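Structural overview
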Amino acid sequence: MTFKKGWRRFARIWQSDTVARVDEELGFHFEHKVAELEALGLSTAQARARAEDEFGDVAVTKDSLRAIDRRMVYKQQRAQSWDSVAQDLRYVVRALRRSPVFTATVVVTLALGLGANTAIFSILNRLYWQTPVGVPKANELYRVYDRFRSRSALLTMAAFDHPMLLRLQDVAPPGVRIAGYTLDQRRIGHGLDDPTVQANFVVGDYFGVVGVRPSRGRFFSADESDIRRTDLVAVISEHLWSTRFGGDPDIIGKQIDVGSHRHTIIGVTGGGFRGVELNATDVWVPRGTQGKLRDRAADWYEQLVGVTNMRLISRVSSPALVHEFDLRATQGVRAMSKRDTSSLIFLGSIIDARVSDSRKSELAISTRLGGVAIVILLIACANVVNLLLARASVRQREIALRLALGVSRRRLIMQLITESGVLAFVSGIAALAVAYVATNTLQHLLLPGVEWSVGAIDSRVIAFTFAMTLLTGFVAGLIPALQLTNPNLSGALKSSVRDGGARRSKLRSGLLVAQAALSVVLLAGAGVFVKSMQGVEAIDVGYDTSQLAFAQIGYDHELENRSAEIAARMPEVAERLQRIPGVEHVGLTDVTPMNGVSFGQLFLPDRDSLPGGRRETPFRYVVSPEFFRTVGIRALRGRVLNDSDKFGTEPVIVINQALAESLWPGEDALQKCIIFQKRQNACRRVVGVVSNAHVDTYLEKNAARLYYLPFAQLAPDFLPDVIAVRVMPGASVGSVSATVKRELAAAYGAWARPEITLMEDVVAPDLRPWRVGAQLFTAAGLLALLVAAVGVYSSMAYTISQRTQEMGVRVALGAATQDIVRLVLQEGVRVVMLGVAIGVVVALALGSLVAAMLYNTSPRDPGVLVTSTAVLLVVAMLACLIPAWRASRVDPLTALRAE
């Protein structure tokens, strides 16, 4: 047995050497035992052999002692680490309490940056990652798509007719179940104020495929969900059960009117389930109850089934089962479909499928805002790092002294990072409050129709916030810590407090430049969006949209057709509405302007076809004479329709400017002849050319080619079913519309369901993306401007506070107030101007990212860039002005005595 001695004791650099200590201790006892045995008369060899026998397996003893030592050392180190953390926390809290302005500035700055990122992440989380509420294992739920070529276009649809759905069920591999459903809006009840909710009309074992269980009652049986059955049963959501039925415990067996049919409630969904779509569903009924229940064709059930889903219930791996289904389904559909062999069936995530094409504008805005939020956070981080650097410069002599006394650099770095971590943690908590308010605002702006069943701030959002908080706190604290703990000890120890801010750090100047550059980018983005919005709002849609409403008489189409009765009574009803207080004009038409169009054949006596071809067929409106002044369409030449245009008089027509220029470019269209509907019909004389108007809500498109015909000359083939109402200036459109609605209900009877649409609401959906983009980017630009202004002010304030002696000397030597102010302003603005120049270059480079979201506005608009830079420079000058004024007010005697 041998023991290593000596050299291990000199290798104990980082920690105690357990091996050396164990060898020394065991060696001492071993040699002592050998000496005892030799004293008893044994030879040296015999004594060592006897000692080895008594000591046993020394290697096991060594390992045991080393393990004990390691545990003790780890325990001591852990205790020391926690003690150090506790000391650092106490020190940091005391230091921050002594600097409340500094603490509040950092917390507010970081809270704004982190809160903006959290709010945008919450929106993206709802769109892309948040699974449908109440759906277990949502990753196993898929939507089936059919990709095929139609003419020259490649189309992808998530819609199948019923025979194709049955075919998919037949060819599905074991472990796959399929169900279908369509979406529609249905009124719950028959009263004027009864709500309209989203309903699902399901085929097959819909709830079994989705994996939802009822909280009360049951779901549809196999017979009830058969598309050929017409069982009037319904399943409702917990939300509808609690809001409309007050959580009635005896809800099962109660009746509910869904559209025109009365259904028996057989179940209530559990787990907060409200469908797999973004828009919440509140009622589910069998697909067979959609449409007329009597006198329908035998093949009616082969109508379109909107969307199909499948759940993987086998232990086969999901990718393998998905691939097998794709192959089988594609072969099966090609065998029965009339399409060519290009048809391809494939699966997509149900979560991704919830983001439909109708939300492309929200997606574009939210993704761009994600980048904007990151830029705001970068500005905030640069601001905080600058503040920490300025604060650390005051402690430069203290840090150097502690390093000279033997405190490790690692220990000091940890203390400085702890300070930034505490600030970041408090900021993270404040950021959640900011995000809660901001997210609720973004919900209404970006996703007005989406149900937030689980709230905007969930566990994933909270985890994201604190991950960003930790990262921000670490980065913001590490940079000042590394710079501050690597000083020139000799120079730092000789320096005094008055030397701390004499020279501006290149890093701090660089951070100010970065803040200014990023702020210019966001201000320029806000500017182009505002200009784009102004351009959209300036579009002349052809109608005076203010104080204008349209009324229609709805009824249950599934039961009977009442269109003739509605149209026959329209003139009489219009006269009654004209007498309502607050109503200025009432006109009649066959379709709602901008919300519906009608086509009709036009012919010219001397031509074979109209310019533009079939794709640009002019749109037709059949109207009463009062229609034009009711909606605000102006006569440019000639006249509009009047009461003399009756049945039996000369056939007349009114066209708009776009149609006139298209048919007779460079000529006067008045008195020209147009044939309507059939070539053998009498020619209609153009009696007026009116102002242009749009036929849909795509405002960025050019005005359509329109023509107007008088009802009196076309009855009974064309009858009015829409009433246009112009409300007097100053009167409330809402109250007058409510009166109109009640009057229509009284005039037509209990079966009528009057609906009032404000013209401003018709235009609003198309204006909304532009308006939302302008509002949000403007808010982001102003937020960035605020954070940048705080950064400039705080940096200059700290710098000037450390140059008190210098300013006192300047004042003592005769420097005037304006000279001191000019000096400070020049230093601050010089740095900002460099950032502005860089920001302009970056804005020009990134302009293409938002070009598609703008209307008639260049993302590189020079006027916007000039305005953005001017605004930032003015704000920077104002931010520098307060420190400059304070510097000019320094008392020379006080400054010279300061140390």
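Because the structure is a prediction, the values reported are computed rather than measured.

Let us look at the overall build of the protein chain. A count of helices and strands for the protein chain gives 25 helices and 24 strands. Counting only residues that meet the buried cut, the protein chain has 48% of its 899 residues in that class. Total accessible area computed for the protein chain in this model is approximately 43100 Å², and 57% of it derives from carbon and sulfur atoms.

Turning our attention to the environment of Leu786. Its location among the elements puts Leu786 in helix α21 (residues 759-801). For Leu786, a relative accessible area of 47% gives the class partly exposed. When the C-alpha positions of Leu786 and Leu872 are compared, they lie 9.8 Å apart, and in sequence the two are 86 residues distant.

A separate point is helix α16 (residues 563-578). Look at α16: 22 Å from first C-alpha to last across 16 residues, which is about the 22 Å you get at 1.5 Å a residue. Maximal helix bending in α16 amounts to about 50°, located at Met570; proline Pro571 follows within four positions. Among all positions of α16, only Ile566, Ala567, Met570, Val573, Ala574 and Leu577 are buried. Among the structural elements, β14 (548-554), β15 (583-589), β23 (722-727) and α20 (733-748) are those in contact with the buried residues of α16.

Take the packing of helix α15 (residues 506-537) against helix α23 (residues 817-846) next. At a minimum axis distance of 7 Å, the contact between α15 and α23 shows a crossing angle of 45°. Taken together, the axes of α15 and α23 lie oblique to each other. Where α15 crosses over α23, the handedness of that crossing is right-handed. Mapping the contact onto sequence places Ser509, Leu512, Val513, Ala516, Ala517, Val520, Val521 and Ala524 in α15 and Val831, Val832, Leu834, Gly835, Val836, Ile838, Gly839, Val840, Val842 and Ala843 in α23. For the contact of α15 with α23, the residue count by class is 15 nonpolar, three polar and no charged.

A few words now on the nonpolar core. Counting 66 residues, the largest nonpolar core has Tyr543, Phe628 and Tyr708 as its most contacted members. By residue number, the principal contributor to this core is α21, which donates 13 residues. Aside from chain neighbours lying at most four places away, what touches Tyr543 is Pro593, Met594, Tyr621, Val631, Ile633, Ala693, His694 and Met759. In this structure, Val583, Tyr707, Ala747 and Ala752 belong to the second largest nonpolar core, which totals 42 residues.

Turning our attention to the confidence of the model for the protein chain. One rule of thumb: low pLDDT means the predicted coordinates there are not for detailed reading. The pLDDT averaged across the protein chain works out to 78; a share of 81% of its residues lies at or above 70. Confidence drops under pLDDT 50 across residues 312-317; counting only partners more than four residues distant or on other chains, this segment forms 14 contacts.

Turning to the state of the cysteines, a few remarks are in order. Counted under the stated rule, the structure contains one disulfide. Covalently, Cys673 is tied to Cys683 through a disulfide, its sulfur atoms 0.9 Å apart. Here Cys673, found in strand β20 (residues 673-676), pairs with Cys683, found in strand β21 (residues 683-690); they are 10 residues apart in sequence, far enough to count as distant. Given a relative accessible area of 27%, Cys683 falls into the partly exposed group.

For the rest of this paragraph, the subject is the packing of aromatic side chains. All chains considered together, the criterion is met by 14 aromatic pairs. Arranged with centres 3.9 Å apart and planes meeting at 15°, the rings of Phe207 and Phe219 form a pair that is stacked. Taken together, the residues span a long stretch of sequence, with Phe207 in helix α6 (residues 206-210) and Phe219 in the loop between β6 (214-217) and β7 (233-236) at a distance of 12 residues. Here Phe207 and Phe219 have matching classes, each one buried. A centroid spacing of 5.8 Å and a plane angle of 20° characterise the contact between Tyr621 and Tyr708, whose relative ring orientation is stacked. With Tyr621 in strand β17 (residues 619-623) and Tyr708 in strand β22 (residues 706-710), this pair connects stretches of sequence that are 87 residues apart. A relative accessible area of 0% places Tyr621 in the buried class. Members of the aromatic cluster, joined through ring pairs, are Tyr181, Tyr206, Phe207, Phe219, Phe220, Phe273 and Trp284.

Conventions used here
- Residues numbered from 1 in each chain as written.
- Predicted model: local features only at pLDDT ≥ 70, side-chain atom pairs only at ≥ 80, totals over all residues.
- Heavy atoms only, no water.
- Helix = DSSP H or I, 4+ residues; strand = E, 2+ residues; numbered from the N terminus.
- Buried < 20%, exposed > 50% of the residue type's maximum accessible area, 1.4 Å probe, protein only.
- Areas by Shrake-Rupley, 256 points an atom, 1.4 Å probe, with all protein chains shown as cover.
- Expected span 1.5 Å × (residues − 1).
- Bend = angle between axes of the 7 residues up to and from the residue.
- Contact = heavy atoms within 4.5 Å.
- Axes fitted to C-alpha atoms, helices over the stretch in contact; angles between N-to-C directions.
- Parallel < 35°, antiparallel > 145°, perpendicular 65-115°, else oblique.
- Left-handed = near helix turned anticlockwise from the far one by under 90°.
- Nonpolar A, V, L, I, M, F, W, Y, C, P; charged D, E, K, R; others polar.
- Core = buried A, V, L, I, M, F, W, Y, C linked by side-chain atoms within 4.5 Å.
- pLDDT = per-residue confidence, 0-100.
- Disulfide = S-S within 2.5 Å.
- Phe/Tyr/Trp six-rings, centres within 6.5 Å; stacked < 30°, edge-to-face > 60°.

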